[in-house]
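Results of the structural survey
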Amino acid sequence: MEGRVFIVGLGLIGGSLALCIKAEHKNAVIVGFDINGEQARLAKMMGVIDECANSIEAGAKDADLIIIATPVTVAEKIIEQLSMFKLKPGVIVTDTGSTKTTITNKADCLIEKGICFIGGHPMAGSHKSGITAAKKILFENAFYLFTPREGSNNEQDVNQLKVWLGGTKAKFLTVTPEEHDYLTGVISHFPHLIAASLVQQAATAEGDSPLVGRLAAGGFRDITRIASSSPAMWRDILLHNRNVLLDLLVDWDKEMQKVISLLKSNDANGIYRYFEEAKNFRDGLPTKEKGAIPAFYDLFIDVPDYPGSISQITGYLAREEINITNIRIIETREDVYGVLVISFQSEEDRARAENCIQNFTSFETSLG
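Described in the following lines is the structure provided in the data block. The structure presented is a predicted model; accordingly, all values stated were derived computationally and were not measured. (Residues numbered from 1 in each chain as written. Predicted model: local features only at pLDDT ≥ 70, side-chain atom pairs only at ≥ 80, totals over all residues. Heavy atoms only, no water.)

What follows covers the environment of Ile 13. By secondary structure assignment, the location of Ile 13 is in helix α1 (residues 12-24). Separated by 126 residues in sequence, Ile 13 and Phe 139 have C-alpha atoms that sit 9.2 Å apart. Once residues lying within four places of it in the same chain are set aside, the contact partners of Ile 13 are Thr 96, Pro 122, Ala 124, Leu 138 and Phe 139. (Helix = DSSP H or I, 4+ residues; strand = E, 2+ residues; numbered from the N terminus. Contact = heavy atoms within 4.5 Å.)

Here it is in C-alpha cells:
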C-alpha cells in the first residue's frame, strides 16, 4: 500500500508500529513527531521512520493515516489540534491508548468534520521503553482492539485500518468503547490497582516488622511486579476509567466480605472450594496467547556460589544471540546455591535459553 503515515509519539508502541508498517508496506512513507526531539532524531537515524516532522500540523496535513501513540491525556489534546487543521480527505485517525470511552467522546470534534476516527489499543508491551526498545514482533499474536463509534465509522474504514496494520500480525477485535474499558478494567487496570495495594500494605506492615521487606524479595516481589509500572501512566488510566474501577472495587469488597465470612465461620470446606474454584478457572486460561498484561517469561537457574558462574551463563546466551530483558539474583536460601532469575521477551526465547543452558552446563533450571 502506498501513502503517508504520520505517527505522533515515538516510544515503544509508536516505534514498533512504524517498523510493522514499513515491513508490510514498502512504498509507504513513515513520518514521525515526538515532543522529545532526541527520540525523533534517534528514530530517523535508526531507520524506524523516514522523515521527522517539525510540528503536528506539518506531519498531519498530507497523511493518509495518523496514529497517536501517546498517553491518553496527551492524545486528547492532539485530537483537538487535529480538528483545527486541514487534513487530507479520507484520512484515518487512530490512537493506541488503553482507555477508550473518554477519548472516543473527545474525537467527536473530528467526526463532526467528517474525519474518520477509530480508537485502537494494541495489547502488547515490554519491560523496556523508548524508541530503542521498538521491535516489529512486539504485537505478533497479541490482541489489537478497535473501538469505532457506532454509526460514525463503516466497516470499510476499519478494514482499511487493518490493512495498514497487517504487519503487526496481531489478532484484531472490534468492540464498543464501553466494552473495551470494562474488559481492560477487569483484566488489566484492576489487577494493577490490587498489586499496588498489596505493596502498600506490605510497606505499612514493614513498620511493625523489618523482616517484611526482606522476605518480600522472592515470590511477593514477583506476583506484584506490575506495581512497578509508570505511576503517571496509571494515574491517567485510573482517572479515565474511574467509573468501571469504582464498580469493580465494590465487587471486590463483596468478594473480600465473602472471604471474611468463611474465616469467621471457620468453614474449612468453603475455604477449600474457594481456592479450588480459583485454581480451576486459572488453570483453564489460555497459556499460549498474549493478554492485556504483558507476560513475564522467567527462567530460574540454581547456580553455585563461585566466581564467574553468572558470566558463564550469560556468555552462553549471548553466543546464541538470545536477548535478556532482566536479570537478578534471589538470596533466600542458606546453602551454597543461589537462584538466578533471567527474564525474556517471549516464550520462544525462554525455551531456547533453557535448552542452551542445559546443553552447556550442569545447572538446574525451572520455569517461572
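Inspection of the secondary structure assignment puts Phe 6 in strand β1 (residues 3-8). Residue class for Phe 6 comes out buried when judged on its relative accessible area of 0%. Between the C-alpha atoms of Phe 6 and Val 93, which are 87 residues apart in sequence, the distance is 9.5 Å. Leaving out residues up to four positions away in the same chain, Phe 6 has contacts with Val 31, Gly 32, Phe 33, Ala 53, Ser 55, Ile 56, Gly 59, Ala 60, Ala 63, Leu 65, Ile 66 and Ile 67. (Buried < 20%, exposed > 50% of the residue type's maximum accessible area, 1.4 Å probe, protein only.)

A word on the nonpolar core. Membership of the largest hydrophobic core comes to 35 residues, with the highest contact counts inside it found for Val 5, Ile 21, Leu 65, Ile 67, Phe 139 and Leu 165. Of all the secondary-structure elements, those providing two or more residues to this core are β1, α1, β2 (28-33), α2 (37-45), β4 (65-68), β6 (116-122), β7 (143-148) and α7 (155-164). Of the residues forming this core, the biggest block, 6 residues, is contributed by α1. Setting aside its immediate chain neighbours within four residues, Leu 165 contacts Leu 17, Ile 21, Ile 67, Tyr 144, Phe 146 and Phe 172. Of all hydrophobic cores here, the second largest spans 25 residues; its members include Val 31, Ala 63, Leu 82 and Val 93. (Core = buried A, V, L, I, M, F, W, Y, C linked by side-chain atoms within 4.5 Å.)

So, about the packing of helix α8 (residues 177-205) against helix α11 (residues 231-240). As a packed pair, α8 and α11 sit with axes 11 Å apart at the nearest point and diverge in direction by 120°. With respect to α11, the element α8 is oriented oblique. Of the two elements, α8 crosses α11, and the hand of that crossing is left-handed. In this structure, α8 uses Ser 188, His 189, His 192 and Leu 193 to contact α11, whose residues at the interface are Trp 234, Ile 237 and Leu 238. The residue inventory of the contact of α8 with α11, partitioned by class, reads 4 nonpolar, 3 polar and no charged. (Axes fitted to C-alpha atoms, helices over the stretch in contact; angles between N-to-C directions. Parallel < 35°, antiparallel > 145°, perpendicular 65-115°, else oblique. Left-handed = near helix turned anticlockwise from the far one by under 90°. Nonpolar A, V, L, I, M, F, W, Y, C, P; charged D, E, K, R; others polar.)

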